[in-house]
Structure formats: structure tokens, C-alpha cells
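Listed below, chain by chain, are the residues.
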Amino acid sequence: MENSVQFVQWLRSVAPYIHAFRGKTFVVAFPGELVKAGALPVLAHDLSLLHALGIKVVIVHGSRPQVEEQLALRNVEPRYHNGLRITDAAAMECAKEAAGELRLDIEAAFSQGLPNTPMAHSAIRIISGNFITARPLGVIDGVDLEFTGVARRIAYETIHPILSAGGLVLLSPLGFSPTGEAFNLTMEDVAVAASTALRADKLIFITETPMITDAAGTELRELSSHQARAILTADVLPADAAFYLRHAVQACNNGIARAHIVPFATDGSALLELFTHDGIGTMVTYQNLESLREATIEDVGGILKLIEPLEADGTLVKRGRELIEREINYFSVIEHDGVIFGCAALYPFPSEKMAEMACLTVSPDAQTQGDGERLLKHIENRARASGFSKLFVLTTRTSHWFLKRGFVLATVDDLPKDRQHMYNWQRKSQVLIKQL
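Our subject in this report is the structure included herewith. This one's a predicted model, so the numbers in the text were calculated from it and none came from an experiment. (Residues numbered from 1 in each chain as written. Predicted model: local features only at pLDDT ≥ 70, side-chain atom pairs only at ≥ 80, totals over all residues. Heavy atoms only, no water.)

**Quick look at the packing of helix α8 (residues 225-234) against helix α9 (residues 239-253)**
Now for step 1: Where α8 meets α9, the axes come as close as 10 Å, and the angle between the chain directions of the two elements is 145°. Here the hand of the crossing between α8 and α9 comes out left-handed. Contacts between α8 and α9 involve S225, A228, R229, I231 and L232 from the first element and A242, L245, R246, V249, C252 and N253 from the second.
Now for step 2: Looking at the contact of α8 with α9 residue by residue, the classes come out as seven nonpolar, two polar and two charged. (Axes fitted to C-alpha atoms, helices over the stretch in contact; angles between N-to-C directions. Helix = DSSP H or I, 4+ residues; strand = E, 2+ residues; numbered from the N terminus. Left-handed = near helix turned anticlockwise from the far one by under 90°. Contact = heavy atoms within 4.5 Å. Nonpolar A, V, L, I, M, F, W, Y, C, P; charged D, E, K, R; others polar.)

**Quick notes on the pairing of strand β21 (residues 390-395)**
Two faces belong to every sheet, and in a regular strand the side chains alternate between them.
Now for step 1: In this structure, strand β20 (residues 354-362) lies alongside β21, joined through three bridges in parallel fashion. Looking at β21, one finds that M354 is bridged to K390.
Now for step 2: Direction of pairing for β21 relative to strand β23 (residues 430-435): antiparallel, over a ladder of six bridges. Bridge pairing in β23 places F392 opposite I433. (Pairing = 2+ DSSP bridges.)

**Observations regarding the side chain of E356**
Now for step 1: Among the secondary structure elements, E356 is positioned in strand β20.
Now for step 2: Overall, the relative accessible area of 7% leaves E356 in the buried class.
Now for step 3: A distance of 2.8 Å separates the side chain of E356 from the side chain of R419, its partner in a polar contact.
Now for step 4: Beyond its immediate sequence surroundings of up to four residues, E356 is in contact with A345, L346, Y347, F349, L391, F392, L394 and R419. (Buried < 20%, exposed > 50% of the residue type's maximum accessible area, 1.4 Å probe, protein only. Polar contact = N/O pair within 3.5 Å; in protein donor to acceptor, adjacent residues only side chain to side chain.)

As C-alpha cells, this is what we get:
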């Protein structure tokens with residue numbers, strides 16, 4: 001029964017993400033290392049689930065280790081310049097061989113349909129083709145990169161109808177020139193070009209790199225593109241992580257709202273990143289996705305969902321939808337990526353220059369991150385700006401939290417007269433007041 005309850009709670013908690021993601025376009029890119037590690041079947045299961053939820057998925061695969069294997073079989077020494085492969089004629093043949101083999105492996109992974117597996121009844125059609133027009137990189141620092149190229153154009157007008165018809169699109173790291181030449185591309189370049197051309201809602205790199213951390217070892221779970229550029233300038237990241245981050249920043253600068261860098265070492269990493277508040281990777285955004293603001297009428301549903309569990313266990317006084325709607329101007333909320341994760345209300349008593357903070361709530365998924373403290377400071381600033389000199393709260397369970405933040409115990413007689421008349425003697429809430 002406990003597991004059943006947890007399952008139901010989890011399923012309900014992901015509903016806002018499902019609503020938000022339906023009909024959106026995600027470009028999911030992964031390196032050849034993922035296939036080599038045997039993680040392709042699991043990723044296929046997860047991407048099939050995204051497809052079943054109504055998300056349009058474009059897949060971009062890499063092939064570096066597979067090309068290396070093909071070169072070794074031919075006894076050809078790989079050559080690089082500034083981290084980019086110099087693709088001569090022999091290396092180009094190896095890139096074609098590797099891409100063809102990987103494409104077949106990926107198509108096979110999405111063709112599974114065994115009963116009692118995540119792929120049962122999926123019937124997914126995955127389509128690839130000459131969707132990428134490329135050009136050569138040419139000569140850099142006096143070095144001719146030969147058949148190494150960059151994406152020049154993505155055939156979005158062909159890809160969009162495929163996605164709308166329910167198909168998945170697969171892009172290999174190969175592009176073609178109008179003269180019929182083939183060029184070897186990087187997976188990251190193709191992914192950025194595809195997400196930009198398709199105006200994708202997300203670019204997701206499923207990577208071989210561990211969680212990105214700063215110089216002090218702190219995990220970097222969310223960065224604005226400006227913060228990410230500063231980290232890249234500081235040159236403290238491993239080369240592979242910096243390469244992914246650089247392309248994530250480029251995607252955001254091209255208009256992609258969110259780019260994710262997610263280690264594939266964790267089972268279900270893509271799902272954990274997309275459907276949990278903190279995720280397990282690094283999200284880069286063009287701007288900070290979290291906002292602390294005054295509430296609007298559109299936030300009523302999110303506030304109700306947030307406070308209902310606390311009303312049910314008696315922590316908060318029950319408020320109906322109509323009351324919240326009437327009093328919505330008193331509320332402030334913390335919103336992250338379109339989901340309300342915290343709220344508080346400020347009720348004025350102007351004749352005594354006092355205000356009540358009520359309904360301070362933070363989602364269990366976001367607790368221990370300082371959101372309660374931020375809401376308190378926001379409400380205090382809002383009260384000061386309105387000319388109030390004292391802020392008070394009534395609580396039955398969290399008095400110690402407020403005492404640590406400058407509130408002092410008081411009595412009902414210290415409340416504004418109108419609030420004394422509304423005091424619920426059955427709840428016997430403690431009164432705490434803070435001088436602003």
C-alpha cells in the first residue's frame with residue numbers, strides 16, 4: 001500500500017510537466033560512448049515514453065568511439081587539431097561506416113515491441129535522411145581539416161511534417177553539400193543547428209561526462225547563459241564538459257529556452273532531469289527560470305495544489321478556491337519553470353501599522369533550498385514598502401523556525417483588534433511578532 005501511495009503521489013506530481021511538455025519539440029543528442037556503454041536500449045525506452053506523452057522527439061547521435069574503432073581496424077592513425085578530427089578520405093570512410101552501423105542499431109532499438117517492456121504497443125517509426133546541408137570547415141591555423149565540416153542548414157520544412165505525423169527523426173553527424181560531397185560533423189554542432197532550425201523547446205545532451213561542478217566542487221544544476229559563459233572563461237572545466245557547455249550556451253543564444261547536460265551513467269537520467277524539480281544534470285537557460293513575484297489569478301490552481309496537503313493535516317486553515325481568488329492580491333509565489341513551488345500571503349491591518357504573514361508554504365520537492373527564507377524576506381520587504389512597522393504570524397507547528405528569524409512570542413492581545421476577533425481559540429495558534 002505504501003508503494004501504491006508513493007506511485008500515485010509521484011504520478012500526480014509529474015502531471016504539470018506532462019501538460020507543459022505535450023506538443024513540444026525536444027532535440028535529444030547523445031555520444032557514441034552511450035551506445036558503446038550498452039545504454040541505448042534504456043534510452044530508447046525513455047524516449048519512447050516521451051513520444052507517448054505527446055512530445056516531438058528529434059534524435060542526434062555521435063560516433064567518435066565507433067570511428068576510432070574503424071580507424072584502428074584499417075590501421076589508420078587518427079589526427080586532430082584543437083580537439084577536432086582531421087577527416088581525410090580514409091577517416092571519412094570510417095565515419096560513414098560508423099554512422100551507418102549506429103543508425104541501424106538505433107532503428108533496431110526503437111523497433112522493439114516485446115510484451116512486459118516499456119516498448120510494448122509503441123509502434124514507433126523513426127525516420128532519417130539527407131536532412132543536413134553542410135560545408136567544410138576549411139583551413140584553420142594553417143591546418144586543412146579536409147572533410148570535417150559544420151552544419152549549414154537543417155531541412156526543417158521536411159522534418160516538421162514527420163514530427164506532426166507521429167514519427168521520430170534521427171540525425172547522424174554527417175552532412176552533404178549541394179555538390180554531393182559528404183562531411184563529417186560533430187554531434188554537438190548538429191544538435192545545436194537542429195534545435196535552432198526547428199525552434200525546439202529543449203536541447204538535451206545525454207553525455208558521458210559526470211555532473212558539472214565549479215572550482216569548489218559544487219554541483220551546477222542551473223545556470224543562466226551569462227553564468228555559463230563566465231565559467232567557460234574561467235577555464236576550470238574538463239575539456240569534454242566545457243565542449244558540451246559551450247554548445248548549450250550557443251543554443252540558448254540562438255533562442256532555445258533550455259539546454260540540458262545530463263550524465264547517462266544514471267538509469268533513466270533523461271526522465272529524472274525532465275520530470276523532477278532539481279533534475280540530475282545541468283540546465284542552461286537564457287535567463288533565470290525561477291521568479292519570486294506577486295501572484296495573479298492564473299496562480300490560484302497552483303496555490304491550491306500546494307496548500308491542500310497542509311490543510312488536510314491541520315497545519316494550515318482551510319481556504320476554498322473562491323477565497324483564494326478574492327484574496328489573490330495578498331499572495332506572493334515562487335515559480336520555477338512554470339510550476340508554483342512556494343507561496344505566502346500578506347494581510348494588512350493599516351490602522352495599527354501591522355501586517356500578517358499567512359499561508360507560508362514550500363513544496364516538499366523544493367524544501368531545504370532556502371525558498372522559505374526567500375519568501376519571508378520578500379513578504380517583509382513588501383510589508384515595509386506598504387508602511388507597516390510590525391509583521392506577525394500565527395502558527396501551530398513552526399514557531400521555532402520563526403523564532404530563529406527574529407520573531408518573538410507574543411499574545412493574542414498584541415494582535416490588531418480586528419485580528420483578535422478572528423482568532424481561532426480551538427486551534428490555539430502561537431502568536432509571533434517581528435519588528436520591521
